[in-house]
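# A structural walkthrough
Each chain is listed here by its residues.
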Amino acid sequence: MTDIVVDVAALASLARLEVPKEELETLKREIPTILAFVETIQKADTSGLTEADGLRNVMRSDESAHETGAYTETLLSAAPTRKGDRIAVKQVISRKKS
Amino acid sequence: MDLTSLTIAGARKALDAKEYSALELTNEYLDTIRKKDGELHAYLEVWEKEAREDAKMADLRIARGEARTLTGIPIALKDNILVEGRIASAASKMLENYRASYDATVVRKLKDEGAVFLGRTNMDEFALGASTEHSAFGPTKNPHDTSRVPGGTSGGSTAAVAANLSLACLGSDTGGSIRQPSALCGVVGLKPTYGAVSRYGLIAAASSLDQIGTIGKRVADARAVFDVIRGHDEKDSTSLPDSFYKGIPKRNILGVPRGFLKEGVDADVLAEFEKTLDSLKEKGYSIVDVEVPSFHYALAVYYIINPAEVSTNLARFDGIRYGLSMQAEDISGVYAKTRGEGFGPEVRRRILIGTFVLSSGYADAYYRKARAVRELIRGDFARAFDSVDAIVLPTSPTPAFKFGEKSDPLAMYAADIFTVPVNLAGVPAISVPSGNVKRDGATLPVGFQIIASHGGENTIFAIGEDVEIPSA
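The rules behind these values
- Residues numbered from 1 in each chain as written.
- Chains lettered and ligands numbered in written order.
- Predicted model: local features only at pLDDT ≥ 70, side-chain atom pairs only at ≥ 80, totals over all residues.
- Helix = DSSP H or I, 4+ residues; strand = E, 2+ residues; numbered from the N terminus.
- Buried ≥ 20, exposed ≤ 12 C-beta atoms within 10 Å, placed from the backbone.
- Contact = placed C-beta atoms within 7 Å.
- Domains from an automatic or database assignment.
- Nonpolar A, V, L, I, M, F, W, Y, C, P; charged D, E, K, R; others polar.
- Expected span 1.5 Å × (residues − 1).
- Bend = angle between axes of the 7 residues up to and from the residue.

## Considering the overall build of chain A
Counting secondary structure elements, chain A contains three helices and two strands. For chain A, the N- to C-terminal ordering of α and β elements is α-α-α-β-β. The buried share of chain A, taken over its 98 residues, is 13%.

Rendered as structure tokens:
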């Protein structure tokens, strides 16, 4: 597993993250080194282990916690672009030919 | 007014006795900030006008005889804790101009007390780092030697307390981010039990590890603020029920993981640790060895789980709802450009590592395996606490290091070696100053870390008070 080749550019695209070219080169070296370090955990014997008994899911009831619209203005005032009571976004499907 | 020896209890007494007003106390801190923070850069923003208003309100309350523990007490907040209407940037370009839409639960509690907010303190961007060098707005300097880092990620908060730029601070601790900078700045830093303090209104880094905690000059100060901010909060589903805290019997037995200490600690830092152990022995504590074999894997486990959760949490910063937004042709361009522009290099590195360890084909070998080893670490803690009241370790393997000294990411990650097991298990821990070491003619503080089982805050406060030098 230590010989793993990491396609940093593909990872960056998966993470929707623009990475400067020169930084891509550094990361191509650094990330495999970091992965080689964290891989030491493969040596730990975890057979027969289950998730901690103390852990449980906490759910809130499936109903509106407050009156509709109570926070609309507060939240929209933080949005970069809005149209009325909605957040405006750029087109999702590009017209560019692939 | 001597800020150097001032404690919360001391300030409370003086305020109630009308020796000085909350406004005078606040002005004293604001003056000190004006004089010293140009060099130290502990603050990203000082709320001068608002702090004076807070102080005037506190004075009215004191005059009415309605003062509580923190009424009129000046406190600073790490820049990842939300105060409605004020900027909370997490020291990132992404949130440089973001104004919080609501108060964090801890902020609401401090407002109810009538505390005075001095400003927001510097940190590593999105609480990722160990030196405060990763702040997008420039590093904070260590008050003991300005050529050295204050530690991180709550380095602004710990430097502020160490240099008397605030009486106490709130920080957050994901892998040592309160304790390590507290050790490097010579102050007391508390990471409470996971769930003891609500995370509602804390900008998330790694949600299963993050915990808000307190920083002060004395154990009693860290405790006083903790007592105000703790408690169940229905807005944080991981917050513990108040019934969780029951008395834990105390036997004064301390465990030292000798095997784990061999991972590498500076000789003089270790010598200071041994000296503290000797002084505790003289005070009646028994010191025994404890075996915690899985701690050997803690750093590796942490640097899988942390980036995994960070990459997930930071997915919300996309230029659509709030924060930085870059123009582009279509929505995916907005995402990629905004994130590329808004996040700094360490944040980008963590997002990419997190994306990798969670990706199909690798998640079993990395993320799921790390979660299993995390259970081993929890188990080792639980077994150890069957026979000891607390586990003690140096907080940091080294004293404060020079700027730029740890440019290799793995070297920076190793600074957390003695603090990450605590977050992985969710147990409480405190760092208390205990001795000094010399580096290039500078005298640098060293921290002694005390770890108890879940809900064992009272245990670590009691032991912590036995570690700290009695106040004059």
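## Here's the deal with the environment of B:Asn306
All names here are of chain B. Mapped onto the elements, Asn-306 comes out in helix H10 (residues 298-313). Residues Asn-306 and His-232, 74 residues apart in the sequence, show an inter-C-alpha distance of 25 Å. Residues in contact with Asn-306, not counting those within four places in the same chain, are Thr-174, Gly-175, Ala-206 and Leu-209.

## Focus on the domain arrangement of chain B
Residues and elements named next belong to chain B. The domain boundaries assigned to chain B delineate domain 1 (3-244) and domain 2 (301-364). Contact with domain 1, which involves 19 residues of that partner, is made by 18 residues of domain 2. Grouping the amino acids of the side of domain 1 that touches domain 2 by side-chain chemistry returns ten nonpolar, seven polar and two charged.

## Considerations on the interface of chain B and chain A
At the junction of the two partners, chain B supplies 45 residues and chain A supplies 39 residues. For the side of chain B that touches chain A, the element with the highest residue contribution is helix H13 (residues 364-387) of chain B, accounting for nine residues. Here the residues of the side of chain B that touches chain A are counted per class, giving 26 nonpolar, nine polar and ten charged.

## A look at H13(B)
Taking 1.5 Å as the rise per residue, H13(B) with 24 residues should run 34 Å; its terminal C-alpha atoms sit 34 Å apart, in good agreement. At B:Ala370, H13(B) shows its maximal kink, close to 25°.

## What about unusual backbone geometry?
Residues B:Gly152 and B:Thr153 are joined by a peptide bond in cis, for which omega reads 20°. Here B:Thr153 is to be found in the loop between strand S3 (116-121) and helix H5 (155-162). Although it is not a glycine, A:Arg16 sits at a positive phi angle of roughly 50°. Tracing the chain through its elements places A:Arg16 in the loop between helix H1 (8-14) and helix H2 (21-38). Here B:Ala127, not a glycine, exhibits a phi torsion of approximately 60°, which is positive. Looking at where B:Ala127 falls in the secondary structure, it is placed in the loop between S3 and H5. Judged by C-beta crowding, with 31 C-beta atoms within 10 Å, B:Ala127 ranks as buried.

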